[in-house]
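Below are the chains, spelled out letter by letter.
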Amino acid sequence: MAKITPNFNFSGNCYEAIQLYQRAFDARIHTLIRNRDAVWDEATAKMTEAEKELVYHAEVFIGEARIMMSDNPDLPLQPVLALSLTVTMDTKEEVMRAFEVMQDGGNIIYPPQATAYSSCFVSLTDRFGFRWVIMTEQTEK
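Quick summary incoming for the structure in this document.

Conventions we followed
- Residues numbered from 1 in each chain as written.
- Predicted model: local features only at pLDDT ≥ 70, side-chain atom pairs only at ≥ 80, totals over all residues.
- Heavy atoms only, no water.
- Helix = DSSP H or I, 4+ residues; strand = E, 2+ residues; numbered from the N terminus.
- Buried < 20%, exposed > 50% of the residue type's maximum accessible area, 1.4 Å probe, protein only.
- Contact = heavy atoms within 4.5 Å.
- Areas by Shrake-Rupley, 256 points an atom, 1.4 Å probe, with all protein chains shown as cover.
- Lys, Arg positive; Asp, Glu negative; His and termini not counted.
- Charge placed at Lys NZ, Arg CZ, Asp CG, Glu CD.
- Polar contact = N/O pair within 3.5 Å; in protein donor to acceptor, adjacent residues only side chain to side chain.
- Salt bridge = Lys/Arg side-chain N within 4 Å of Asp/Glu carboxyl O.
- Patch = residues over 30% accessible without salt bridge, like charges linked within 9 Å, V, L, I, M, F, W, Y side chains within 5 Å.
- Pairing = 2+ DSSP bridges.

1. Some words on the overall build of the protein chain
Moving on, step 1. Within the protein chain, the regular secondary structure consists of four helices and eight strands.
Moving on, step 2. In terms of its C-alpha atoms, the protein chain occupies a principal-axis envelope of roughly 60 × 30 × 25 Å.
Moving on, step 3. Buried residues in the protein chain amount to 40% of all 141 residues.
Moving on, step 4. Across the protein chain, the fraction of contacts at a sequence separation of at least 24, relative to all contacts at a separation of at least 6, is 55%.
Moving on, step 5. Summed over its atoms, the accessible surface of the protein chain is roughly 8500 Å², and 51% of this surface lies on carbon and sulfur atoms.
Moving on, step 6. Averaging the positions of the 13 positive and the 20 negative side-chain charges in the protein chain gives two centres separated by 1 Å.

2. Focus on unusual backbone geometry
Moving on, step 1. Here the phi dihedral of Asp26 falls at roughly 55°; this positive angle occurs in a residue that is not glycine.
Moving on, step 2. By secondary structure assignment, the location of Asp26 is in the loop between α1 (14-25) and β2 (28-34).
Moving on, step 3. Exposure remark for Asp26: the relative accessible area of 52% places this residue in the exposed category.

3. Overview of the side chain of Ser70
Moving on, step 1. Mapping Ser70 onto the fold places it in strand β4 (residues 65-71).
Moving on, step 2. In terms of polar contacts, Ser70 uses its side chain to reach the side chain of Asn72, at 3.1 Å.
Moving on, step 3. Residues contacting Ser70, with those up to four places away along its chain left out, are Phe8, Asn9, Phe10, Cys14, Val55, Tyr56 and His57.

4. With respect to the pattern of salt bridges
Moving on, step 1. The full count for this structure, using the stated rule, is seven salt bridges.
Moving on, step 2. Here Glu16 ties to Arg127 by a salt bridge, and the two come within 3.2 Å at their closest N and O atoms. Here Arg127 lies in the loop between β7 (121-125) and β8 (131-136) and Glu16 lies in helix α1, a separation of 111 residues in the sequence.
Moving on, step 3. Under the relative-accessibility criterion, Arg127 is labelled partly exposed at 28%.
Moving on, step 4. The closest approach of N and O atoms between Asp104 and Arg127, which form a salt bridge, is 3.4 Å. A residue pair is termed long-range when its members are at least 10 positions apart, and Asp104 in the loop between α4 (92-102) and β6 (107-113) and Arg127 in the loop between β7 and β8 qualify at 23 residues.
Moving on, step 5. One network of salt bridges, with partners in common, ties together Glu16, Asp104 and Arg127.

5. So, a nonpolar patch on the surface
Moving on, step 1. A cluster of nonpolar side chains, namely Tyr15, Ile29 and Leu32, defines an oily patch on the protein surface of about 210 Å² accessible area.
Moving on, step 2. Assignment of secondary structure puts Tyr15 in helix α1.
Moving on, step 3. What makes Tyr15 partly exposed here is its relative accessible area of 30%.

6. With respect to the pairing of strand β5 (residues 85-89)
Moving on, step 1. Only one face of β5 is buried, namely the one carrying Leu85, Val87 and Met89, since none of Thr86 and Thr88 on the opposite face is buried.
Moving on, step 2. Relative to β8, β5 runs parallel, the two sharing five bridges. Its bridge partner being in β8, Leu85 is matched across the sheet by Trp132.

Everything listed is a geometric property; what it means functionally is a separate question.
Okay, here's the thing in structure tokens:
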């Protein structure tokens, strides 16, 4: 059985993003390996102390969904609006709590609103350039 797992790449601020997602979505860290802990030998010896602290590989769970994350400061990363992660919450209050955290430094695409399929729907890019939709699945709560 195939699984699709989002893999977020950062320019050196991966751990900061993990902390944001913990606050917004009660995300749980399953795996966190820094460059200093990876088996690199020659490459690790050439790294600065700051580079050794970067995230080599992380696995974070939002609910039951796994997201992989890592720092790749050598890549020219660009925000992408064509793809988003959707987090479905049980209540409007939960959506608004997550939105309050995520909007800090981000850009709101669609402000909180009711839709034909959600009593509370919001879309934004976070301060790292990732697009999120936070919503309820139903219209009665």
